[in-house]
Amino acid sequence: MSMLLQCLVDSILLGGLYSLMAVGLSLGFGVTRIINFAYGEFIMLGAYGAFFCSSLAGIDPLIALPAVAIGVALFAAIVFEFSLRRVLRAPAINQILLLFGVGLVIQNLAAILWTGDARSVETPYSLTAREFGDINVPDGRIVTFLVATVLIAALLWWLHRTELGRAIRAVAQNRDAAVLMGINVMRMYLLSFMLNAALGAATGAMASFLLTVTPFMGFPMLIKSFAIVVLGGLGSIPGTLAGAFLLAFAETAVAYYVPDGIGWAEGVAFAVLLGVLIFRPRGILGQAVEVA
Amino acid sequence: MTALLEIAGLRAGYQESIVLEDISLQVQIGEVVALLGANGAGKTTTMRVITGLIAALGGTIAFDGEDLSRLRAERRVDVGIALCPEGRQVFPNMSVMENLLLGSFCRHARARRAATLELVQELFPRLTERSAQKAGLMSGGEQQMLAIGRALMACPRLLLLDEPSLGLSPRMVQLVFGAVAKIAEAGISILVVEQNAQAAFSVARRGYVLAGGRVAAAGTIAELARSGQVEQAFIGTDFFKREGAACSKSGA
Amino acid sequence: MNANRESGSPTSLPIALLCYGAAAVAAVALPLAGSPLAVNLMLRAGSIVMLAISWNLAANAGLISLGHSTFWGLGSYAALLMGNRFGWPFLPSILPAMALGAAVAALLAVITGRLRGIYFAIATLALSEGLRVIAVMLPDLTGGGAGLFIDQTLRPEPRLTAIVTALGAVCFALLAHLLSRTPFHYACRAMRNNEHASQMLGINPLRFRITVLALSGAIAAFAGGVNIWYGGFLDPDIGFDLHITILAQIGPILGGIHTLAGPIIGGLATLLIAELTRMWFGEQGYSLLVYGAILIVSIMYMPNGIYGTLRRLCAPWTKRRAAAKTALVAS
């Protein structure tokens, strides 16, 4: 019983971080209709940003998070202006392969500049934990859950209550009609790509004290984001949140209940991804493509 | 008096097919002009070129004496052109209020948002009742009201209406065109594309009949009606289809 | 894109056959005569070209794979296990390897059903990574993360593996060429443009997908199977390496997607570039960096690849020559 409870608590805490990660990918797709295959690399850059802030300047990852997110978003803006913008009218395949290439370049530049060594960030809260009866909850996970929740709430507020947020949703729902409202669609594409990168970087900054930081950490994160987004239905934010918690639960349950579970947990995202693509390609909520 | 909208020798089309061969028309300030013609005559294309969704291949479009060709589509809203597109194109997953607010996204309209919103809600009381409703879940007539209201939120000087009667019940057509008449009374110039010539004639003073991407006839409504050119333009391609549609509608 | 450009000029078959013959002779002669370096180069050239042809076959039918290491890895494991468990020597072990590659590819075609475009790409990516995790988690079969050595007593001479690889590449190139002269080629184009339209042409999309993918999978598995006998050691990271996936797609994109010569030109160019970067920088990380840069540059500035670009550059020249000829006749 306490194992089940522990499993549930763990998966909820993990689900918070997964939500933030996948919402970034989902939002970017909802607006531009392009799946960002370099998304994992934005997460990785965020993690390195937090790592360097902490190791070079002694700044806590959470304090560094806004600056890291903005920095990576600006980098994404450069990527968009110099590459993606020129293939917006090309077939989807070209966009995928281009972003795949961008991801490869970023990943291997990171490996060359910062070596392939695994790094980790130490914070006052990354090694402590608190006990609730039999249940053990690491402080680091509580912190990430809270920060992720706040960031998602802020994002939803921004999307629904501000002029620009509405404009972004308008582009996602009907591009031509958005133009007729006087919305500059290209600018919204750029903005959504930057937001996508910023959310990825924020995820990475928090992953920096939960996981080890390496140049190759982005790829599994990308696959997990795919699994979540496909599970929830491409472009749907409520679906994405549901998908994030489902994946987190599935992974945690496998880790707890299956022999050798920790190794198999790594494969859950792939199994989920294949399973959903085969049986319910529109996602569990069965929604059409939409944002929020 | 200079024309508010002046189109001369306009040519436009899609990748390999030219839809508009040679279109010239004018809309004076405060005037309601009808654009008539069969399916495929180029009415919707004309509207899309005026708003900049499609680039013109030749000819000129001047708005208030200024050349529009260098202005990107989203900037044409700023100078005062708003299109209520064919098929309404509301934002389906947003509330009615959000749709209206998006209508006044451009800067000059945003400054006058509260006052415009009041006027639009007065014109279409239904939109006030449904303010929180998801636009995609409303009836076709309500969506049409929303689409017109949304276009009005941009405080346009020229309102382009593309087939506002499409798919609406006769009662709803009456309601929508009643509102169009009120908009015209408020001094907003209107260019309206219609298949339903009778509805268009109820508000317009002048009209153009398009056929094969050219202006086949032009004149006051009375002249057009008398000359029989409206019927001529419709017969063959569209007349029977409309009859069929009317039958199936009354049957339903 | 017209049919001519994709299938090559229809009159060129005898010349093409001559070229394939010459390539086959070279495939046998070079490793026999050459140094271990030549053997190694031949093996890699053959592998890259096979991967490129295999990827391009699927891409021709609109199926963009981002997980070609799936078939390579399965081929490697099948060949290795046939050798270690049942004592099968090199050449026979390639057959079950190809069969497994084809079977899994066919299964993928069936289960992904009507998924196309990005969904298919994501599914293939997930499959290759999923198989890697499975290979790690089943140490009794695969040796797990520690990996397995192939039975040393069975290992063939390196130059034999190089000859088989290079000959395989020539054969599969010829196969792709011959296929392009059959209605298969038109079916491919119909599939990639519009599956509904292809149904109207009387093509059964599912059976067609299965055939195309199985062929593609078998070719990649062949390459993987031969490579394990040359390398001798296999672990999940080698078998289901993202590097292989990238190599498979980069050849056709650099050379010219949906063409016959493109994947071959692109594959060889990739090998050349990889060798040059290794000479200059001497590090593995740079090659992936360079591959990424090639992808970006090709897609942005050369969407028709080297082959398409060359054709475009040559077009005015051939036209001018034709014009000069007519001028001569006229005078």
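The shown structure was predicted, so the numbers you read here are calculated from the model rather than taken from an experiment.

Chemist: Give me the lowdown on the overall build of chain C, citing residues and values where you can.
Modeler: The helix and strand inventory of chain C stands at 16 helices and two strands. For chain C, the proportion of its 331 residues judged to be buried stands at 55%. Taken as a whole, chain C presents about 14,200 Å² of accessible surface, with 70% of it coming from carbon and sulfur.

Chemist: Tell me what's going on with the overall build of chain B, and back it up with residues and numbers.
Modeler: Across its full length, chain B carries 12 helices and 10 strands. Seen through its principal axes, chain B has C-alpha atoms that stretch 50 × 45 × 35 Å. Counting all 252 residues of chain B, 53% fall into the buried class. Within chain B, counting contacts between residues at least 6 apart in sequence, those at least 24 apart form 71% of the total.

Chemist: Now, about the pairing of strand S9 (residues 206-211) of chain B: what can you tell me, with residues and values included?
Modeler: Residue and element names in this part refer to chain B. A large share of S9 lies buried, amounting to five of its six residues. Across five bridges, the pairing between strand S3 (residues 32-37) and S9 is parallel. Bridge assignment links leucine 35 to a residue of S9, and that residue is tyrosine 208. In this structure, the hairpin formed by S9 and strand S10 (residues 214-220) is closed by a connection of two residues, where glycine 212 is found at a positive phi of approximately 55°.

Chemist: Tell me about a nonpolar patch on the surface, and please be specific about residues and values.
Modeler: Residue and element names in this part refer to chain A. Taken together, Met3, Leu4, Leu5, Leu8, Phe249, Tyr256, Tyr257 and Val258 make up a surface patch of nonpolar side chains, about 640 Å² in accessible area. When residues of the nonpolar patch are traced back to their parent elements, those giving at least two are helix H1 (2-32) and helix H10 (237-257). For the nonpolar patch, the element with the highest residue contribution is H1, accounting for four residues. Here leucine 8 is to be found in helix H1. The exposure class of leucine 8 is partly exposed, given its relative accessible area of 35%.

Chemist: Residues and numbers for the side chain of asparagine 60 of chain C, please.
Modeler: All names here are of chain C. One can find asparagine 60 in helix H3 (residues 36-60). Overall, the relative accessible area of 15% leaves asparagine 60 in the buried class. For asparagine 60, the contacting residues outside a window of four places in its chain are Cys188, Arg189, Arg192 and His258.

Chemist: Break down the interface of chain B and chain A for me, with residues and values.
Modeler: Counting from both sides, the interface comprises 24 residues of chain B and, opposite them, 19 residues of chain A. Taken over both partners, the interface formed by chain B and chain A buries close to 2,000 Å², and the fraction arising from carbon and sulfur atoms is 60%. Across the salt bridge formed by arginine 48 of chain B and aspartate 176 of chain A, the nearest N and O atoms sit 3.1 Å from each other. Where chain B touches chain A, the interface holds six residue pairs in polar contact (both at pLDDT 80 or more). At four residues, helix H3 (residues 96-103) of chain B tops the list of elements feeding residues into the side of chain B that touches chain A. Considered class by class, the residues forming the side of chain B that touches chain A number 13 nonpolar, four polar and seven charged.

Chemist: Can you lay out the nonpolar core for me, pointing to particular residues and giving the numbers?
Modeler: Within the largest apolar cluster, 230 residues are counted, with the highest numbers of intra-cluster contacts made by Phe37, Ile183 and Phe226 of chain A together with Leu5, Leu25 and Leu191 of chain B. When residues in this core are grouped by element, the largest group, 16 residues, is from helix H8 (residues 185-210) of chain A. When neighbours within four sequence positions are excluded, isoleucine 183 of chain A is seen to be in contact with Ala167, Ala170, Val171, Ala178 and Met188 of chain A together with Glu74, Leu102 and Phe105 of chain B.

Chemist: Provide a residue-level description of the interface of chain A and chain C, including the pertinent values.
Modeler: Taken together, the contact between chain A and chain C spans 35 residues of the former and 33 residues of the latter. Carbon and sulfur atoms supply 88% of the area buried between chain A and chain C, which totals about 3,300 Å² over both sides. At the surface where chain A touches chain C, the tally comes to zero salt bridges. Inspection of the chain A/chain C interface yields zero residue pairs in polar contact (both at pLDDT 80 or more). Elements with a contribution of two residues or more to the side of chain A that touches chain C: helix H4 (92-114), helix H9 (218-232) and helix H11 (261-279) of chain A. Classifying every residue of the side of chain A that touches chain C gives 26 nonpolar, six polar and three charged.

Chemist: Which residues make up the packing of aromatic side chains, and what values do they have?
Modeler: Across all of its chains, the model carries 14 aromatic pairs over all chains by this definition. Where phenylalanine 42 of chain A meets phenylalanine 75 of chain A, the ring centres are 6.4 Å apart and the plane angle is 80°; that geometry is what we call edge-to-face. Within this pair, whereas phenylalanine 42 of chain A is found in helix H2 (residues 39-57), its partner phenylalanine 75 of chain A is found in helix H3 (residues 61-82), the two being separated by 33 residues in sequence. The class for phenylalanine 42 of chain A is buried, based on a relative accessible area of 0%. For phenylalanine 75 of chain A, a relative accessible area of 32% corresponds to the partly exposed category. These aromatic residues form a ring-pair network of at least three members: Phe42, Phe75, Phe80 and Phe193 of chain A. One Lys or Arg, arginine 110 of chain B, reaches over the ring of phenylalanine 105 of chain B and ends 5.0 Å from the middle of that ring.

Chemist: Account for helix H13 (residues 242-255) of chain C, with residues named and values stated.
Modeler: Residue and element names in this part refer to chain C. Over its 14 residues, H13 runs 20 Å from end to end, which matches the ideal 20 Å to within 8%, given 1.5 Å per residue. Counting buried positions along H13 gives 14 out of 14 residues, so the element sits mostly inside the fold. Immediately beyond the C-terminal end of H13, within one or two residues, lies glycine 256, with a positive phi of roughly 140°.

Chemist: Kindly report on the packing of helix H5 (residues 139-161) of chain A against helix H6 (residues 163-173) of chain A, identifying the contributing residues and their values.
Modeler: Residues and elements named next belong to chain A. Axis separation between H5 and H6 bottoms out at 5 Å; the angle between their running directions is 80°. Considering the angle they form, H5 stands roughly perpendicular to H6. Listed contacts from H6 to Trp158, Leu159, His160 and Arg161 of H5 are Glu163, Leu164, Gly165, Arg166, Ile168 and Arg169. Partitioning the contact of H5 with H6 into residue classes produces four nonpolar, two polar and four charged.

Chemist: Please give an account of the pairing of strand S4 (residues 56-63) of chain B that cites residues and values.
Modeler: All names here are of chain B. In terms of strand pairing, strand S1 (residues 5-14) meets S4 through six bridges, oriented antiparallel. Paired with alanine 12 across the two strands is alanine 56, which belongs to S4. Note that S4 and strand S5 (residues 66-67) share two bridges and pair antiparallel. In the strand pairing of S5, phenylalanine 63 is matched with glutamate 66. In this structure, the hairpin formed by S4 and S5 is closed by a connection of two residues, where aspartate 64 is found at a positive phi of approximately 55°.

Chemist: Could you give me a rundown of unusual backbone geometry, with the residues and numbers involved?
Modeler: A positive phi is found at glutamine 89 of chain B, a non-glycine position, where the angle reads about 50°. Within the element layout of this structure, glutamine 89 of chain B appears in the loop between strand S6 (81-84) and H3. For glutamine 89 of chain B, a relative accessible area of 33% gives the class partly exposed. For histidine 258 of chain C, which is not a glycine, the phi torsion comes out positive at approximately 65°. As for its position among the elements, histidine 258 of chain C is in the loop between H13 and helix H14 (261-281).

Chemist: Mind laying out empty space enclosed by the protein, listing which residues take part and the relevant values?
Modeler: Residue and element names in this part refer to chain C. The final tally for this structure, using the stated rule, is six cavities of 30 Å³ or more. Considering only enclosed or pocket space, the largest cavity measures out at about 220 Å³ in volume. Considering the residues around the largest cavity, the lining is formed by 19 residues, among which Asn56, Asn60, Ala176, Ser180 and Leu260 are closest to the centre. Elements represented by at least two residues in the lining of the largest cavity include exactly H3, helix H8 (158-179), helix H9 (184-193) and H14. Within the lining of the largest cavity, the residues separate by chemical class into 11 nonpolar, six polar and two charged. The volume enclosed by the second largest cavity comes to roughly 90 Å³.

Basis of the calculations
- Residues numbered from 1 in each chain as written.
- Chains lettered and ligands numbered in written order.
- Predicted model: local features only at pLDDT ≥ 70, side-chain atom pairs only at ≥ 80, totals over all residues.
- Heavy atoms only, no water.
- Helix = DSSP H or I, 4+ residues; strand = E, 2+ residues; numbered from the N terminus.
- Buried < 20%, exposed > 50% of the residue type's maximum accessible area, 1.4 Å probe, protein only.
- Areas by Shrake-Rupley, 256 points an atom, 1.4 Å probe, with all protein chains shown as cover.
- Contact = heavy atoms within 4.5 Å.
- Pairing = 2+ DSSP bridges.
- Patch = residues over 30% accessible without salt bridge, like charges linked within 9 Å, V, L, I, M, F, W, Y side chains within 5 Å.
- Salt bridge = Lys/Arg side-chain N within 4 Å of Asp/Glu carboxyl O.
- Buried area = accessible area lost by both parts, 1.4 Å probe.
- Polar contact = N/O pair within 3.5 Å; in protein donor to acceptor, adjacent residues only side chain to side chain.
- Nonpolar A, V, L, I, M, F, W, Y, C, P; charged D, E, K, R; others polar.
- Core = buried A, V, L, I, M, F, W, Y, C linked by side-chain atoms within 4.5 Å.
- Phe/Tyr/Trp six-rings, centres within 6.5 Å; stacked < 30°, edge-to-face > 60°.
- Lys NZ or Arg CZ within 6 Å of the ring centre and 35° of its normal.
- Expected span 1.5 Å × (residues − 1).
- Axes fitted to C-alpha atoms, helices over the stretch in contact; angles between N-to-C directions.
- Parallel < 35°, antiparallel > 145°, perpendicular 65-115°, else oblique.
- 1 Å grid on protein atoms, 1.4 Å probe; cavity = no way out; pocket = protein on both sides within 12 Å on 5 of 7 lines; lining within 4 Å.
- Points joined across faces, edges and corners; volume = space filled by probe spheres on them.

Taken by themselves, the reported measurements are silent on function.
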